[in-house]
Amino acid sequence: GSKNYYSNGNSGNGGNAGNAPMSAEELLALELPEVCWAVPDILPAGVSLLAGKPRLGKSWLALSLAEAIAAGGVAFGVKRVEQGKTLYLALEDNHRRLQGRLKKVLEGRRAPRGMYIEVEWKRLDEGGAEQLDAWLTEHPSARFVCIDTLKKIRPRSSASQSVYDLDYEALELLLPIAAKHNVSILVVHHTRKAAGAEAIDEISGSFGLTGGVDGFLVMRRDRSGKGVTLEVDGRDIEDPKEYALHRNLNTGTWTIEGEAEEVQMSNERGE
């Protein structure tokens, strides 16, 4: 089937190993499927990283994405999404906190049928990867998985390995699973609360770990310190964008207000 063409990014380098190089004509003749998007222009099939400082609202963003996709509704207030089952691994939460959040996000709507939530999962190298593969095999219409957070599912640290290597390994284990099931896996990653570090320095540390990742979303405070922006970049994203986000305090959900620079300029003019 066409699934084999969803490379995990790296197999493109050696996917043809042992064969003669492909001619340009052969490449043009290949029938390749369109990129499948869980959220158009923002979240492609594959593994993406959602990075940002603690307490910025990443988990709220992840939960509302899982809800929007399971309902086949609208993500970020502006992006129509195709319906598909979703799995949210809220590994830093408990049932009570999740129930409260979910009620807020739903605002009286019924929970969508294909939305699944789990608060415990094995580490990827201790059976968690197989567990995820099996779940996706049982739910072939799944479109979106969120793992909140990377730290909870990566291999346990040993003296000989850096945290960076462990993060990288965890992401590497997820790539073939995302490719096989043609699903978006969003992995939440807290960036350091490094004192005195510029936001960009602190995030570029986590960018380093995105060797094989298909996309990344970075949440950070804007210049004014009052707003939050979402920077979106990745292999299938032709022109990287930074969006201004607005938070609905009643529901905890985030909406895209527009491209960050324009929104900031008009806010500054308004003031």
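Bear in mind that the values here come from a model prediction, so they are computed numbers and not experimental data. (Residues numbered from 1 in each chain as written. Predicted model: local features only at pLDDT ≥ 70, side-chain atom pairs only at ≥ 80, totals over all residues. Heavy atoms only, no water.)

**Observations concerning the packing of helix α5 (residues 128-138) against helix α7 (residues 163-181)**
So, step 1. Closest axis-to-axis distance for the α5/α7 pair is 10 Å, and the angle between their directions is 5 degrees. The angle between α5 and α7 falls in the class roughly parallel. Listed contacts from α7 to A129, L132, D133, L136 and T137 of α5 are L174, I177, K180 and H181.
So, step 2. A per-class count over the contact of α5 with α7 returns five nonpolar, two polar and two charged. (Axes fitted to C-alpha atoms, helices over the stretch in contact; angles between N-to-C directions. Helix = DSSP H or I, 4+ residues; strand = E, 2+ residues; numbered from the N terminus. Parallel < 35°, antiparallel > 145°, perpendicular 65-115°, else oblique. Contact = heavy atoms within 4.5 Å. Nonpolar A, V, L, I, M, F, W, Y, C, P; charged D, E, K, R; others polar.)

**Side note on α5**
So, step 1. Of all the residues in α5, the buried ones are G128, A129, L132, W135 and L136. Considered in projection along α5, the buried side chains sweep an arc of 125 degrees and stay on one side of the axis. Residues E130 and E138 are exposed on α5 and point more than 90 degrees away from its buried face.
So, step 2. Where α5 is buried, its residues touch β6 (85-90), β7 (115-118), β8 (142-148), α7 and β9 (184-190). (Buried < 20%, exposed > 50% of the residue type's maximum accessible area, 1.4 Å probe, protein only. Arc of directions from axis to C-beta.)

**Looking at the confidence of the model for the protein**
So, step 1. With 86% of its residues at a pLDDT of 70 or more, the protein shows a mean pLDDT of 86.
So, step 2. Confidence drops under pLDDT 50 across residues 1-15; counting only partners more than four residues distant or on other chains, this segment forms 23 contacts. (pLDDT = per-residue confidence, 0-100.)

**Here's the deal with the nonpolar core**
So, step 1. The biggest cluster of nonpolar side chains holds 40 residues, and the ones touching the most others in it are V39, I42, L43, L65, F76, M219 and L245.
So, step 2. Here the element with the most residues in this core is helix α3 (residues 58-71); it accounts for nine residues.
So, step 3. In contact with V39, other than residues within four places in its own chain, are L65, I69, A75, F76, K79 and V81.
So, step 4. If you look at the next biggest cluster of nonpolar residues, it comprises 27 residues, including V47, L91, L175 and I185. (Core = buried A, V, L, I, M, F, W, Y, C linked by side-chain atoms within 4.5 Å.)

**With respect to α3**
So, step 1. Taking 1.5 Å of rise per residue, 14 residues should cover 20 Å, and α3 covers 20 Å from first to last C-alpha, within 8% of that figure.
So, step 2. Counting buried residues along α3, 13 of its 14 residues qualify, which places the element largely inside the surrounding structure.
So, step 3. Looking one or two residues past α3, G72 carries a phi angle of roughly 65 degrees, positive in sign. (Expected span 1.5 Å × (residues − 1).)

**Topic: unusual backbone geometry**
So, step 1. Between D148 and the following residue, T149, the backbone shows a cis peptide bond with an omega angle of 20 degrees.
So, step 2. Examined against the element boundaries, T149 turns out to sit in the loop between β8 and α6 (150-153).
So, step 3. Here the phi dihedral of F76 falls at roughly 60 degrees; this positive angle occurs in a residue that is not glycine.
So, step 4. As for its position among the elements, F76 is in the loop between β4 (74-75) and β5 (79-80).
So, step 5. A relative accessible area of 5% places F76 in the buried class.
So, step 6. For N182, which is not a glycine, the phi torsion comes out positive at approximately 50 degrees.
So, step 7. With respect to the secondary-structure elements, N182 resides in the loop between α7 and β9.

**Some points on the packing of aromatic side chains**
So, step 1. The final tally for this structure, using the stated rule, is one aromatic pair.
So, step 2. Seen from their ring centres, Y116 and W135 are 5.4 Å apart, and the 75 degrees between their planes marks the pair as edge-to-face. With Y116 in strand β7 and W135 in helix α5, this pair connects stretches of sequence that are 19 residues apart. (Phe/Tyr/Trp six-rings, centres within 6.5 Å; stacked < 30°, edge-to-face > 60°.)

**With respect to the sheet that holds β6**
Strand-to-strand pairing in sheets goes through backbone hydrogen bonds, with the strands running parallel or antiparallel.
So, step 1. One open sheet accounts for nine strands, arranged β7-β6-β8-β9-β3-β10-β11-β12-β13; its pairing is mixed. Only two strands of the sheet have a single neighbouring strand rather than two, namely β7 and β13 (254-259). Strand-to-strand twist across the sheet, computed as the mean angle between neighbouring axes with direction ignored, equals 20 degrees.
So, step 2. Across four bridges, strand β3 (residues 46-52) lies against strand β10 (residues 215-221) in parallel orientation. Paired with S48 across the two strands is G215, which belongs to β10.
So, step 3. Packed onto the sheet, helix α9 (residues 260-270) meets β11 (228-234), β12 (241-247) and β13 and runs at close to 85 degrees relative to β13. (Pairing = 2+ DSSP bridges.)

**Digging into the environment of R109**
So, step 1. Relative to the helices and strands, R109 resides in the loop between α4 (95-106) and β7.
So, step 2. With relative accessibility at 42%, the residue R109 sits in the partly exposed group.
So, step 3. A distance of 3.1 Å separates the side chain of R109 from the side chain of E67, its partner in a polar contact. (Polar contact = N/O pair within 3.5 Å; in protein donor to acceptor, adjacent residues only side chain to side chain.)

**Structural notes on the pattern of salt bridges**
So, step 1. Applying the stated criterion across every chain, the model contains 13 salt bridges.
So, step 2. Residue K79 is joined to D41 by a salt bridge in which the shortest nitrogen-to-oxygen separation is 3.2 Å. Linking K79 in strand β5 with D41 in the loop between β1 (37-39) and β2 (43-44), this pair joins segments that are 38 residues apart in sequence.
So, step 3. On the accessibility criterion, D41 (44% relative accessible area) is partly exposed.
So, step 4. With its nearest N and O atoms 3.7 Å apart, the salt bridge here joins D214 to R235. Note that D214 is positioned in the loop between α8 (199-208) and β10 and R235 in the loop between β11 and β12, a separation of 21 residues in sequence.
So, step 5. Taking relative accessible area as the criterion, D214 reaches 7% and is therefore assigned buried.
So, step 6. Residue class for R235 comes out partly exposed when judged on its relative accessible area of 42%.
So, step 7. The structure contains a network of salt bridges with shared partners spanning D93, R97 and R101. (Salt bridge = Lys/Arg side-chain N within 4 Å of Asp/Glu carboxyl O.)

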